[in-house]
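Okay, here's what each chain looks like letter by letter:
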Amino acid sequence: MIITILSFKGGVGKTTTAVHLAESLSKRRSRKVVLGDGDLNRTALNWFQRGQSHGIDVGFTVFDGDDDPPHEYTDLVIDTPARPGDDEVLRLAEFSDCLVIPTNPAPGAIEASIGTLSRLRSLDDSRYRVLLTLVPPKPSRRGIQARDVLKQASIPTFKGMVQRRDAFMDAELEGVTVGMLKGKAALSASESYATVGQELWKLTKERR
């Protein structure tokens, strides 16, 4: 199975999403997951190598996106460069089982997603989902409001949302996934991606 993570703006949690969805898949029985880091900054690869230098096993392998993937994987997660053009989005959709498109609830990010996806109506709704990330915690309703705006624009969106938390930065600095940290904030952050991972698993059932 191939899951491609892409975004239409920078700074929306694209690499964090790639890492934690790879982790979610890797926890399923008999899955061998690899993550191809095609982002120009190689953030996921650097994240992974920091952990490796301390003997940490996150449960999946990250490789340079310019290289061939390791052999015998069951699931390939791809972290792409930000801001792909329309043709690139369609090309990625052709060989991916699902496109995951993180966006924060800021108006500019939502507008960028709606604008691009509205031009790409040939995309099958079952082949992509927008994921709201960096959502302010309650009592803010920005996440819910953003999801309503996407729904009104007929943009398929994950039910689960990912809150803005410092724990994600802490995890990146240590080269671990957020669920490997201690504390309630880290646990909650991990559970948010577990929920999204469960949705993704169900969405791709017919293509595995």
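See the structure above.
Please read these numbers as outputs of a predicted model, since none were measured by experiment. (Residues numbered from 1 in each chain as written. Predicted model: local features only at pLDDT ≥ 70, side-chain atom pairs only at ≥ 80, totals over all residues. Heavy atoms only, no water.)

**Student:** Before we move on, can you summarise the overall build of the protein chain with the specific residues and values?
**Tutor:** Within the protein chain, the regular secondary structure consists of seven helices and six strands. For 208 residues, the compact-globule estimate of 2.2 N^0.38 gives 17 Å, and the C-alpha radius of gyration of the protein chain, at 16 Å, lies within 12% of that figure. For the protein chain, the C-alpha atoms occupy an extent of roughly 45 × 40 × 30 Å along the three principal directions. Relative to its 208 residues, the protein chain shows a buried fraction of 49%. The long-range share in the protein chain, meaning contacts at least 24 apart out of those at least 6 apart in sequence, stands at 79%. Counting 29 positive and 27 negative side-chain charges, the protein chain places the centres of these two groups 9 Å from one another. (Helix = DSSP H or I, 4+ residues; strand = E, 2+ residues; numbered from the N terminus. Rg over C-alpha atoms; globule rule 2.2 N^0.38 Å. Buried < 20%, exposed > 50% of the residue type's maximum accessible area, 1.4 Å probe, protein only. Contact = heavy atoms within 4.5 Å. Lys, Arg positive; Asp, Glu negative; His and termini not counted. Charge placed at Lys NZ, Arg CZ, Asp CG, Glu CD.)

**Student:** Outline the layout of surface pockets, supporting the account with residue identities and numerical values.
**Tutor:** In this structure, the largest pocket spans a volume of roughly 530 Å³. Considering the residues around the largest pocket, the lining is formed by 27 residues, among which Gly11, Val12, Gly13, Lys14 and Thr16 are closest to the centre. If you list the elements that add at least two residues to the lining of the largest pocket, you get helix 1 (14-26) and helix 6 (166-174). The leading source of residues in the lining of the largest pocket is helix 6, at four residues. Here the residues of the lining of the largest pocket are counted per class, giving nine nonpolar, 10 polar and eight charged. (1 Å grid on protein atoms, 1.4 Å probe; cavity = no way out; pocket = protein on both sides within 12 Å on 5 of 7 lines; lining within 4 Å. Points joined across faces, edges and corners; volume = space filled by probe spheres on them. Nonpolar A, V, L, I, M, F, W, Y, C, P; charged D, E, K, R; others polar.)

**Student:** Mind laying out the packing of aromatic side chains, listing which residues take part and the relevant values?
**Tutor:** The tally for this structure, following the rule as stated, stands at one aromatic pair. Ring centres of phenylalanine 168 and tyrosine 193 lie 5.7 Å apart, and the angle between their planes is 85°; on these two criteria the pair is classed as edge-to-face. Residue phenylalanine 168 is located in helix 6, and its partner tyrosine 193 is located in helix 7 (residues 184-203); the two are separated by 25 residues in the primary sequence. With a relative accessible area of 2%, tyrosine 193 lands in the buried category. In this structure, arginine 208 is placed above the aromatic ring of tryptophan 201, and the distance from its NZ or CZ to the ring centre is 3.5 Å. (Phe/Tyr/Trp six-rings, centres within 6.5 Å; stacked < 30°, edge-to-face > 60°. Lys NZ or Arg CZ within 6 Å of the ring centre and 35° of its normal.)

**Student:** Outline the environment of valine 58, listing residues and values.
**Tutor:** Tracing the backbone through its elements, the reader meets valine 58 in the loop between helix 2 (43-53) and strand 3 (61-64). Exposure remark for valine 58: the relative accessible area of 12% places this residue in the buried category. Considered as a pair, valine 58 and glutamate 23 are 35 residues apart in the sequence and their alpha carbons are 7.2 Å apart. Among all residues touching valine 58, those that are not within four sequence positions of it are Ser26, Phe48, Gly175, Val176, Thr177 and Met180.

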